[in-house]
Amino acid sequence: MKDLRKDLVLSKFSHIYIERDAKNHPNTRKIISKFKDATCIEIDHYKEVFCRGNQSIILQKESPKLILATKKDNFIYKGSEMCEDFGNLHFYYTSTIMNCFYNCEYCYLQGMYPSANIVIFVNIEDIFRKVEELLKSHSIYLCISYETDLLAFEGITSFVSKWIDFARKNDNLKIELRTKSGNFKAIENIKPLDNFILAWTLSHDEIIKKYEIGTPSLETRLKSINNAIKKGWKIRICFDPILYIKDWKKYYGNCIEETFKSIKLKNIYDVSIGVFRISKDYLKRVQKIRPHSKILAYPFECQSGICSYPKRYTKEMIEYVYNEVSKYIPEEKIYV
Amino acid sequence: MIYITTAMYCEAKPFIKYLNLKRDNSIKKFQVFKNEQFVLIISGTGVISSSIATTYLLTEFNSKPSDTFINIGICGGKNKGLDKGEVVLCNKIIHHDTKRTYYSDIIFKHPFREGSLETFSNVVNKDMFSTIKGDIVDMEGAGTFKAASIFLPPHRIYCIKIVSDFLDSESLTKEEISKLLENKVPLISKWIKEIEDAYSLSYKIFTDEEEKVLEIVTKNLKLTITMEYKLRELAKYYKIHSKDLIEVIKPFLNITSKTKKEGKDYFERLKKRLSPF
Ligand code: SF4
C-alpha cells in the first residue's frame, strides 16, 4: 500500500457545503464564523454531496468537509438491539451530527454512511420539539452521541450545552452523551444534571494509538472524567468495544487498573462492557474500505445478521473484563 | 493513468505539445493522443458529445478507480472578479437543463481559484445573465462529469476551466484559444501529475505465489466452496499479521485427500495452523 502524501492534502473543513434552507439559520452562521478561510458552497440537499457514488472514506477522513443541513424527518429513532438500554423501557437515539472527527479503524459508521464528510443538522430545535411530543406520553432514555462524538464538536456547535439546557427543563428525559474526547472543559461551567449521563469510552493507549486514530490518550480522557466528577456529573465508563487482539488480557487489565486507580469512584454511575460487534452488511463494507486492517480481517462468526468473535472468545473476554471491573465497582452497576 | 477531454483541438494542442503526446492512429472514431501517463481525447462541443467521448475513453482504456480524469477547456465568466486567462477548478457543476449538480471531492491542495460551473446546451450570451447560476459557463463540464462518475471516485474527477470571455460575444480565434491555454499548461500538468501520485491504495492481499499455493491446497484437499471461503479468510488474517503464509501452508502442498472426510480432517489441521495467536 502506498502512503498518502499528507503534505498534498487540504486541511480539515477546507470546504463547507450549505443547504439553501440552512443558510440563514443562526447555528449555520455561528459555525461558519469559526472557519473564516473555508470555501462555502451552496447546495440544495445534503444528499447531493453526502450520497455521491464511489467516495473514498479513507481519503475523506484525512480532509473531511462540513455539510450544514436541516433535518426534515426521522428526528428520533428507537434504540437498536445491539446497544445496551441499561434497563430503560423507552430507549431512543437521535443524531444531530452524522459522522465523526476521529478515525477509529473499527467504526461502524464507515459501513453505514457512503461518505466520511460530516453532516451537521443545524435545526436542533426541531429535534427538541419531537422529543417534547414523545415526553408527553412517557419518560424517555435518549442517546444523543451514537453516530458521532458530540462533545468533540462542542467548540463548533455548542449542541451539548443546548441538550443540557433541554434536559434541565424535562426531568422525565434521561440523556446519555457518549464520547472519547477530552473536551469536558467545553461544558465545565454548566451546572451538572441528574438526568444527564456523561459516558466515556476507554481503551489502553496501545489500542488508542493503533486503532482509534485521532482520539485523545487514556490520560486525557481520565483527566476529563475526573474534572466532570469534581463538578458533580454522573459518569458512565464504557469498555466497549473490547477487541480480540494479541495480548488483549494485558491491555484491558492495565487499562481497567489505570482507570479505577486514577478516578474517584464515588460518582461512577455504572460501567458498560461489550465486545466488538457489527452488522454483517456494515462489516462487508468496512472490510472493503480497509482491506489491510488487522482487526477487521478477523474471521468473525455471524448470527442473525450480527458479526462478532466466536462465542468462547466473547465469553472469555467479557468474563475477564467483568472480573477486573468488579474489583472496583459493585456488580449491580456493571452492564454486559 | 491520467485521462483528459477537451472539446476542441485548439484546446488540446498546447497539452499535446507540452506533454509530447502522440496520435493513436488505431482509433478512428475520435482523435486520441497519448504517452505512457496521459491519454487525451477530443470530444467535440456539447454535453452529449463530451459524455460520449468520456465514456469511450474510460472504457476503451480500461480505466481503474485510481486513475484521474480531467475535463479542460475555455469558459465564459459571469463573475466580474475573474480575469481573462484565469484557471478555475470547479467545485460545483450544474447542468443547466436538468438542474442536476455534480461535485468533485476537493481533497488535494491546488494552486487554482475555485468556482461553480454551469453547463449549457447552447451558446450563452449576456441576455441570459439572470438565468446563470454558475460563476462560469461552458458546454461540456456536466456531461463529462456525469460520464466519468460511472468509472471513477469523485476525488479523481475534475473540471478545470480557463476564462476566455465575459459573455460579451467576444469570440476568439483558434490560435488565440491555444495561446490563452499555453501559459497555463505547465501549472495544470504539474498539479495533475502530483495528485495522480499522491495516493493509491492496493486492495491486493495475496501475492501471485500465495494465490497459487491456496489454489493447489483447495484442489488437492477437495475443499468445498464454504471451506475454500473459510481458508481464504483465515489465510488473509494470518498474512495481515505479517506471518509467512507460504511457510505455514507448505506441509499441506503434497497431500491429496481421497475422500471428503479426509479433506475435512486435513482442513481442520490447516485451520489450527492458521490461527495467528
Ligand atoms: S469515536 Fe466513535 S463515532 Fe468517532 S470514529 Fe471512533 S467509533 Fe466512530
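Source: prediction; values computed, not measured. (Residues numbered from 1 in each chain as written. Chains lettered and ligands numbered in written order. Predicted model: local features only at pLDDT ≥ 70, side-chain atom pairs only at ≥ 80, totals over all residues. Heavy atoms only, no water.)

A. Examining the UniProt feature "transmembrane region" (unreviewed entry) in chain B more closely. UniProt feature "transmembrane region" (unreviewed entry): in the numbering of this structure it lies at residues 38–58 of chain B. The annotated region residues 38–58 of chain B carries 57% helix and 24% strand content, and the separation between its end C-alpha atoms amounts to 12 Å. (UniProt positions renumbered as here; feature names shortened; annotations may be inferred. Helix = DSSP H or I, 4+ residues; strand = E, 2+ residues; numbered from the N terminus.)

B. Representation of helix H5 (residues 124–135) of chain A. Residue and element names in this part refer to chain A. End to end, H5 covers 17 Å across 12 residues, agreeing with the expected 16 Å (1.5 Å per residue, within 8%). By the burial criterion, the buried members of H5 are Ile124, Ile127, Phe128, Val131, Leu134 and Leu135. The buried residues of H5 occupy an angular sector of 120 degrees when the element is viewed end-on, so they sit on one face. The elements touched by buried residues of H5 are helix H1 (26–33), strand S5 (91–93), strand S8 (118–121), strand S9 (140–143), helix H7 (159–169) and strand S10 (173–179). (Expected span 1.5 Å × (residues − 1). Buried < 20%, exposed > 50% of the residue type's maximum accessible area, 1.4 Å probe, protein only. Arc of directions from axis to C-beta. Contact = heavy atoms within 4.5 Å.)

C. Geometry of the pattern of salt bridges. All told, the structure shown has 31 salt bridges over all chains when counted by the stated rule. Among the salt bridges present, the one from Arg20 of chain A reaches Asp44 of chain A, with a minimum N-O distance of 2.6 Å. Of the two residues, Arg20 of chain A sits in the loop between strand S1 (15–19) and H1 while Asp44 of chain A sits in the loop between strand S2 (39–43) and helix H2 (47–50), which places them 24 residues apart along the sequence. The shortest N-O distance in the salt bridge between Asp138 of chain B and Lys161 of chain B comes to 2.8 Å. Here the residue Asp138 of chain B occupies a position in strand S9 (residues 136–138), and Lys161 of chain B occupies one in strand S10 (residues 157–165), the gap between them amounting to 23 residues. Side by side, Asp138 of chain B and Lys161 of chain B carry an identical accessibility label, which is buried. Here the salt bridges do not stand alone but share partners, grouping Arg20, Lys23, Glu42 and Asp44 of chain A into one network. (Salt bridge = Lys/Arg side-chain N within 4 Å of Asp/Glu carboxyl O.)

D. Expanded view of the sheet that holds S1 of chain A. All names here are of chain A. On the basis of which strands lie adjacent, the open sheet formed by 5 strands has the order S2-S1-S3-S8-S6 and mixed pairing. Of all strands in the sheet, those bounded by a partner on one side alone are S2 and strand S6 (97–98). Where S1 and strand S3 (residues 66–69) come together, 3 bridges link them in parallel fashion. Bridged to Tyr17 within S3 is Ile67. Its contacts with the sheet put H1 on S1, S2, S3 and S8, and the angle it makes with S3 is roughly 165 degrees. (Pairing = 2+ DSSP bridges. Axes fitted to C-alpha atoms, helices over the stretch in contact; angles between N-to-C directions.)

E. Layout of the domain arrangement of chain B. For chain B, the assigned domains are domain 1 (2–198) and domain 2 (208–274). Between domain 1 of chain B and domain 2 of chain B, the C-alpha centre-to-centre distance is 50 Å. (Domains from an automatic or database assignment.)

F. Examining the environment of Leu167 of chain B more closely. Residues and elements named next belong to chain B. Tracing the chain through its elements places Leu167 in the loop between S10 and helix H4 (174–182). Put simply, Leu167 and Val124 are 43 residues apart on the chain and 6.7 Å apart in space, counted from C-alpha to C-alpha. Apart from residues lying up to four places away in sequence, Leu167 is in contact with Gly76, Gly77, Lys78, Val124, Asn125, Lys126, Phe129, Ile132 and Val137.

G. Geometry of helix H7 (residues 225–240) of chain B. Residue and element names in this part refer to chain B. In this model H7 runs 23 Å from its N-terminal to its C-terminal C-alpha over 16 residues, within 8% of the 22 Å that 1.5 Å per residue would give. Looking only at H7, the buried set comprises Met227, Leu231, Glu233, Leu234, Ala235, Lys236, Tyr237, Tyr238 and Ile240. Directly beyond the C-terminal end of H7, a positive phi value near 55 degrees is found at Ser242.

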